[in-house]
Amino acid sequence: MVWIYGGGFGAGATSEKNYSGENLAKKGVVLVSIAYRVGQLGFLAHPELSKESPNHVSGNWGLLDMIAGLQWVRKNIAAFGGDPGKVTIFGESAGGIAVSMLCASPLAKGLFHGAISQSGGNFGPPRPTTFPGENQKRLADAERTGQIYLDSARVSSISELRKIDAGKLPSGRGLGMSWPIIDGWVIPDDQYKLYEAGRFNDTPVLVGYNSDEGASFSPPRTPEAYIEGVKTRYGTFAESLIKAYPAGSGTVAKTARDLARDAAFGWHTWIWARLQSKVGKSKAYYYYFDQHPDYPDSSPRAGYGSPHGQDVAYVFKHLDASNPQVTKTDLEISDAMATYWTNFAKHGNPSGEGVPEWPAFSDTNPVVMYFNQTPHTGPVPSAESLKSLDAYFAWRRTRDGEAWAK
């Protein structure tokens, strides 16, 4: 199992405590955590850099690091007791999005045999000005952003930029540049279109997200602010999306936060599972992590679910049983998730002895595994609302939708 850390492609490290793999490895797997460049050192595109490249592209250095890590695993993992013919990539947040990108990259073909994405997916259309869920730029737009970055560093060429000490380089995050791009080589095109055309690495996938991801990314403080933000991003689709994800009154309801959750993670997971089951030969398994206390109405956390990133400690079995806030069901969910994840890595199917059966997902059998007090199956969360969001993403791929986003 090869872990790819998150951090918005602008941060992250293999050394984070929650990523240590000794507990998960006890489930009978060899675990490797690979490092990759982030921020401007991982994703800077620029015309001069593209000119230097034999492929005439730049900007996806971090993804190339991941691919190099997988090539190392294929060549060397047998010496560590691993099977180079049975490699599963898994990651959370940017790591889960990277897993999705590797599933669509021809450069990663044959380097892995299963994929797990926690709060990931990369099926939104590109746009010059990015938003969560529509994070990617095409090469030409990214190169223009790269030139702006050089201006911020007060240099006029890549050779001058290389003379600056790495620790003194300005941050590129505010420029929207700490993200992989559609370069035509590492990532050939809009991933949704690649999947529709059957141009992807067809392996079993296990994909899902957390119930209250929207609480973790600067949620609006008032219903009015929420409505204004939806109008700014979604234009003529704002009215239908506000109806599908209502704002509430007085305080912002979870239904409103769920639009941010689904735009960034939920829709991508749903579409990924649907496309894999429809176009691919391998199966898709879909989950929804909703493990949290039932907060009383008097609590400031009333109505809140599971935030972004909470699932990582469960998968890696890092919950502290001596902590009074860790419940018996927390430990049971953690062990079940670790079992499902490692079963999937071993067999391409998460089901097995000691855990409830997890059926494969498809449009004709839209069953999701819920992690909420117990592992149990249920329907697609916010299914009708997802259809409204799907209509927006479909329109964004039309000529009018592309022109509107420029």
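Predicted model, so just to flag it, every value in this text is computed and none were measured.

Draft legend 1. Quick look at the overall build of the protein. When helices and strands are tallied, the protein shows 15 helices and 8 strands. Counting only C-alpha atoms and orienting by the principal axes, one finds that the protein spans roughly 60 × 60 × 40 Å. Relative to its 406 residues, the protein shows a buried fraction of 53%. Considering only residue pairs separated by 6 or more positions, the protein has 72% of its internal contacts joining residues 24 or more positions apart. A gap of 4 Å separates the mean positions of the 40 positive and 40 negative side-chain charges of the protein.

Draft legend 2. Representation of the packing of aromatic side chains within the structure. For the structure shown, the criterion picks out 36 aromatic pairs. Between Phe-217 and Phe-265, the ring centres sit 6.0 Å apart and the planes meet at 45°, which makes this aromatic pair tilted. Of this pair, Phe-217 sits in the loop between β5 (205-210) and α9 (223-234) while Phe-265 sits in helix α11 (residues 254-279); the two residues are 48 residues apart in sequence, bridging distant segments of the chain. By way of ring pairs, the aromatic residues Tyr-192, Tyr-234, Phe-237, Trp-267, Tyr-392, Phe-393, Trp-395 and Trp-404 are connected into one cluster.

Draft legend 3. Structural detail: unusual backbone geometry. In this model, Ser-93 sits at a positive phi of 60°, which is unusual for a non-glycine residue. Checked against the element boundaries, Ser-93 lands in the loop between β3 (88-92) and α5 (94-104). Located in the positive-phi region is Ser-382, a residue other than glycine, with phi close to 50°. When you line up the elements, Ser-382 lands in the loop between β8 (374-378) and α14 (383-396).

Draft legend 4. Layout of the side chain of Asp-330. On the secondary structure map, Asp-330 appears in helix α13 (residues 328-347). Buried within the structure, Asp-330 lacks any salt-bridge partner; Lys-317 is the closest side chain of opposite charge, at an N-O distance of 13 Å. Setting aside residues no more than four positions away along its own chain, Asp-330 makes contact with Gln-291, Tyr-314, Leu-319 and Gln-325.

Draft legend 5. Looking closely at the environment of Gly-82. Relative to the assigned elements, Gly-82 resides in the loop between α4 (61-76) and β3. Residues Gly-82 and Leu-259, spaced 177 residues apart in sequence, show a C-alpha to C-alpha distance of 41 Å. When residues no more than four places from it in sequence are discounted, the contact partners of Gly-82 are Val-30 and Ile-77.

Draft legend 6. The arrangement of α5 in detail. With 11 of 11 residues buried, α5 lies mostly within the body of the structure. Of the residues making up α5, those classed as buried are Ala-94, Gly-95, Gly-96, Ile-97, Ala-98, Val-99, Ser-100, Met-101, Leu-102, Cys-103 and Ala-104. The inward-facing, buried residues of α5 contact β1 (2-4), α4, β3, β4 (114-118), α8 (191-196) and α11.

Draft legend 7. How the structure looks around the nonpolar core. In terms of nonpolar packing, the biggest core is built from 101 residues, with Phe-9, Phe-112, Trp-341 and Phe-371 touching the most fellow members. Here this core takes 11 residues from α11, the largest share from any one element. Beyond its immediate chain neighbours, meaning those up to four positions away, Phe-9 contacts Tyr-36, Val-38, Gly-39, Phe-43, Met-66, Ala-94, Ile-97, Ala-98, Met-101, Ser-178, Trp-179 and Pro-180. In this structure, Leu-49, Ala-153, Ile-158 and Met-177 belong to the second largest nonpolar core, which totals 10 residues.

Draft legend 8. Examining the side chain of Ser-100 more closely. Tracing the chain through its elements places Ser-100 in helix α5. Here Ser-100 falls in the buried class, since its relative accessible area comes to 0%. Within the local environment of Ser-100, its side chain forms a polar contact with the backbone nitrogen of Asn-122, the two atoms lying 3.1 Å apart. Excluding its chain neighbours within four sequence positions, the residues that come into contact with Ser-100 are Gly-121, Asn-122, Phe-123, Gln-191 and Trp-272.

Draft legend 9. Up close: the sheet that holds strand β6 (residues 284-289). Across the sheet, which stays open at both edges, the 8 strands sit in the order β2-β1-β3-β4-β5-β6-β7-β8 with mixed pairing between neighbours. Strands at the two margins of the open sheet, each flanked by one partner only, are β2 (32-34) and β8. Averaged over neighbouring strand pairs, the angle between their axes works out to 20° when direction is ignored. Where β1 lies against β3, 3 bridges are found, and the strand directions are parallel. Bridge pairing in β3 links Trp-3 to Phe-90. Together, β4, β5 and β6 form the strand contacts of α11, whose direction differs from that of β5 by roughly 175°.

Draft legend 10. Structural context of the pairing of strand β7 (residues 368-372). Taken across its 5 residues, β7 has 4 buried, putting it largely inside the fold. Inspection of the sheet shows β6 paired to β7 by 3 bridges, in the parallel sense. Paired with Tyr-288 across the bridge in β7 is Tyr-370. The turn joining β7 and β8, which pair antiparallel and follow one another in sequence, is formed by 1 residue; a positive phi near 70° is taken by Gln-373.

Draft legend 11. View of α4. Helix length check: α4 (16 residues) gives 22 Å between terminal C-alpha atoms against 22 Å at 1.5 Å per residue, within 8%. Here α4 has its buried residues at Gly-62, Leu-63, Asp-65, Met-66, Ile-67, Gly-69, Leu-70 and Val-73. Packed against the buried residues of α4 are β1, β2, α2 (39-43), β3 and α5.

Draft legend 12. Quick look at the pattern of salt bridges. Within the structure shown, the criterion is met by 18 salt bridges. Here Glu-384 makes a salt bridge to Lys-387, at a shortest N to O gap of 3.1 Å. On the criterion of helical spacing, the pair formed by Glu-384 and Lys-387 is a turn pair, its members being 3 residues apart in helix α14. Accessibility expressed as a relative area gives 47% for Lys-387, which makes it partly exposed. In this structure, a network of salt bridges that share partners links the residues Arg-127, Glu-134, Arg-233 and Arg-396.

Reading the values: rules and limits
- Residues numbered from 1 in each chain as written.
- Predicted model: local features only at pLDDT ≥ 70, side-chain atom pairs only at ≥ 80, totals over all residues.
- Heavy atoms only, no water.
- Helix = DSSP H or I, 4+ residues; strand = E, 2+ residues; numbered from the N terminus.
- Buried < 20%, exposed > 50% of the residue type's maximum accessible area, 1.4 Å probe, protein only.
- Contact = heavy atoms within 4.5 Å.
- Lys, Arg positive; Asp, Glu negative; His and termini not counted.
- Charge placed at Lys NZ, Arg CZ, Asp CG, Glu CD.
- Phe/Tyr/Trp six-rings, centres within 6.5 Å; stacked < 30°, edge-to-face > 60°.
- Salt bridge = Lys/Arg side-chain N within 4 Å of Asp/Glu carboxyl O.
- Core = buried A, V, L, I, M, F, W, Y, C linked by side-chain atoms within 4.5 Å.
- Polar contact = N/O pair within 3.5 Å; in protein donor to acceptor, adjacent residues only side chain to side chain.
- Pairing = 2+ DSSP bridges.
- Axes fitted to C-alpha atoms, helices over the stretch in contact; angles between N-to-C directions.
- Expected span 1.5 Å × (residues − 1).

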